[in-house]
Amino acid sequence: MLTAHWTFDADTIEGRSAADSTGSGLTATLDQAVAVVPGRSGGALSFDGSGRAIIPAAPQLVLSQLFGFSIAFYINVMEPPTGEWRGVLYKSVAEHDARGLGIWFYPDDLRLRVQLFTAKGPEFADSRRLEVEVWTHVALVVDPDEMYVYVNGELDTAVRLEQPVVTPAGPIYLGRDPTGLGFAGLLDDLRMYATALTGEAVRALLD
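Parameters at a glance
- Residues numbered from 1 in each chain as written.
- Predicted model: local features only at pLDDT ≥ 70, side-chain atom pairs only at ≥ 80, totals over all residues.
- Heavy atoms only, no water.
- Core = buried A, V, L, I, M, F, W, Y, C linked by side-chain atoms within 4.5 Å.
- Buried < 20%, exposed > 50% of the residue type's maximum accessible area, 1.4 Å probe, protein only.
- Helix = DSSP H or I, 4+ residues; strand = E, 2+ residues; numbered from the N terminus.
- Contact = heavy atoms within 4.5 Å.
- Phe/Tyr/Trp six-rings, centres within 6.5 Å; stacked < 30°, edge-to-face > 60°.

Caption draft 1: Just the nonpolar core, in detail. Of all hydrophobic cores here, the largest spans 45 residues; its most connected members are Trp-6 and Leu-174. With 5 residues, the single largest contributor to this core is strand E8 (residues 69–77). Other than its neighbours up to four places away in sequence, Leu-174 contacts Phe-8, Leu-45, Phe-47, Gly-51, Arg-52, Ala-53, Ile-55, Val-88, Leu-89, Leu-187 and Leu-190. Val-141, Tyr-193, Leu-197 and Leu-205 belong to the second largest nonpolar core, which has 9 residues in total.

Caption draft 2: Just the environment of Thr-118, in detail. Tracing the sequence through the fold places Thr-118 in strand E11 (residues 111–118). With relative accessibility at 3%, the residue Thr-118 sits in the buried group. In this structure the C-alpha to C-alpha distance between Thr-118 and Arg-52, which are 66 residues apart in sequence, comes to 26 Å. Residue contacts for Thr-118: discarding those within four places in its chain leaves Glu-123, Leu-161, Gln-163, Pro-164, Val-165 and Val-166.

Caption draft 3: View of unusual backbone geometry. At His-96, a residue that is not glycine, the phi angle is positive and equals roughly 70 degrees. As for its position among the elements, His-96 is in the loop between strand E9 (86–92) and strand E10 (100–105). Residue Asn-152 is not a glycine yet carries a positive backbone phi of 50 degrees. Relative to the helices and strands, Asn-152 is located in the loop between strand E14 (146–151) and strand E15 (154–160).

Caption draft 4: Quick look at the packing of aromatic side chains. Using the criterion set out here, one finds 4 aromatic pairs in the structure. Taken together, a centroid distance of 4.8 Å and an interplanar angle of 40 degrees make the contact between Trp-85 and Tyr-106 tilted. Taken together, the residues Trp-85 in the loop between E8 and E9 and Tyr-106 in the loop between E10 and E11 connect sequence positions 21 residues apart. Between Phe-105 and Phe-183, the aromatic rings sit 6.3 Å apart at their centres with planes inclined by 50 degrees, giving tilted as the arrangement. Of this pair, Phe-105 sits in strand E10 while Phe-183 sits in the loop between strand E17 (181–182) and strand E18 (184–193), and the two are 78 residues apart along the sequence. Taking relative accessible area as the criterion, Phe-183 reaches 0% and is therefore assigned buried. Members of the aromatic cluster, joined through ring pairs, are Phe-47, Phe-105 and Phe-183.

Structure representation (structure tokens):
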């Protein structure tokens, strides 16, 4: 079930806000360092490494492992590795809680590190290398047993979850997370699902 979809197209942008196109009323607030620019089709968010967009916590965005959940987006990174971790997406367990679901670029490689917090601590999954200035589709899928990372519709990594995931129910940060830097590049077509998508369903998101 699709719970939220941010296209970042012109008809969803008002001032410094980007509305969820499903009509649920969920809104991303863009800081002054985030711009709306032409994307793959329509608009996209442009990040310079210091900017962020924040989506407040909402009941629809509570990610439950019991039912499964999925996050999918297109990304176009505009710079090579910088020697620093660079945030793409972060959703905390709760506001002011240091635990959370996170997606970052490695300091020394254009691979993504995906983090989930379980009852025993963080679990990680790493993607293959992405290319600079190339649109790439990324999907994170979590079910009661595993987390999966898909790149351009193909399963890239699967990690067995031996302990239950601590539910990420806090706000979502796009770009710069609460404690670190953000990536420089474009983000488009962010979708969130209250179900674990199949590989076929992930591939159907590509266009």
